[in-house]
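A closer look at the structure
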Amino acid sequence: MESPIEVVRRFCAAWADNIGAAELAAFFTDDAIYHNIPMAPVTGRAAIANNIAKFIRPGAPGIEAIQFRVIHIAANGPIVMTERVDVFKLPDKSFELPVMGIFEVSDAKIRAWRDYFDMHQFTSRMG
């Protein structure tokens, strides 16, 4: 079985592969919680897939692609911490956003994912 850090590494790499929301959500447990800390949490694999699908969509003002560049990654048992730069590709520009992510992994699935970032920085770069 994959270690928690291997699961998170594979999940972060999958974002650059342009796979669909359902494939990204398959990394999660059925009752997982995804929380972008400036926003309300999303609970359950189906809701997470729906959230990702609404977030990444072609055409303005949608985000066409996201790449997670992992700067540092560390694990303590089932808890994995990532320091990342998320690269967002929009129809007419790209921008980078520093992010700190915390993942809780259980049986090779993500049970909780919390990302911490500056919402003002994100919205101002979205335009």
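Presented here is an overview of the structure given in this document. Small disclaimer: the values here were computed from a predicted structure and weren't measured. (Residues numbered from 1 in each chain as written. Predicted model: local features only at pLDDT ≥ 70, side-chain atom pairs only at ≥ 80, totals over all residues. Heavy atoms only, no water.)

This part covers the pairing of strand β6 (residues 109–116). The two faces of a sheet get side chains in turn, since along a regular strand they alternate between them. The pairing of strand β1 (residues 28–36) with β6 spans 5 bridges and is classified as parallel. Across the sheet, the residue bridging to I33 is A112, located in β6. Count of turn residues in the strand β5 (residues 94–106)/β6 antiparallel hairpin: 2 residues, of which D107 carries a positive phi of about 50°. (Pairing = 2+ DSSP bridges. Helix = DSSP H or I, 4+ residues; strand = E, 2+ residues; numbered from the N terminus.)

Here we come to the pattern of salt bridges. Taken as a whole, this structure holds 8 salt bridges when the rule is applied. A salt bridge links E2 to R10, with the nearest nitrogen and oxygen atoms 2.7 Å apart. You can call E2 partly exposed: its relative accessible area is 28%. R10 sits in the partly exposed class, given a relative accessible area of 41%. Across the pair D86 and R84 runs a salt bridge, and its minimum N-O distance is 2.9 Å. Side by side, D86 and R84 carry an identical accessibility label, which is buried. (Salt bridge = Lys/Arg side-chain N within 4 Å of Asp/Glu carboxyl O. Buried < 20%, exposed > 50% of the residue type's maximum accessible area, 1.4 Å probe, protein only.)

Spatial strand order, β2-β1-β6-β5-β4-β3: 6 strands in an open sheet with mixed pairing. Two strands bound the open sheet, and with one partner strand each, they are β2 (42–43) and β3 (65–76). Lying on the sheet, helix α3 (residues 45–55) is in contact with β1, β2, β3 and β4 (79–89); it crosses β1 at an angle near 45°. (Contact = heavy atoms within 4.5 Å. Axes fitted to C-alpha atoms, helices over the stretch in contact; angles between N-to-C directions.)

So, on to the side chain of H35. As for its position among the elements, H35 is in strand β1. Relative accessible area serves as the criterion here: at 19%, H35 is assigned to the buried category. In this structure the side chain of H35 is engaged in a polar contact, spanning 2.8 Å, whose partner is the backbone oxygen of M39. In this structure H35 touches A40, P41, W113, R114 and D115, once residues within four positions along its chain are discounted. (Polar contact = N/O pair within 3.5 Å; in protein donor to acceptor, adjacent residues only side chain to side chain.)

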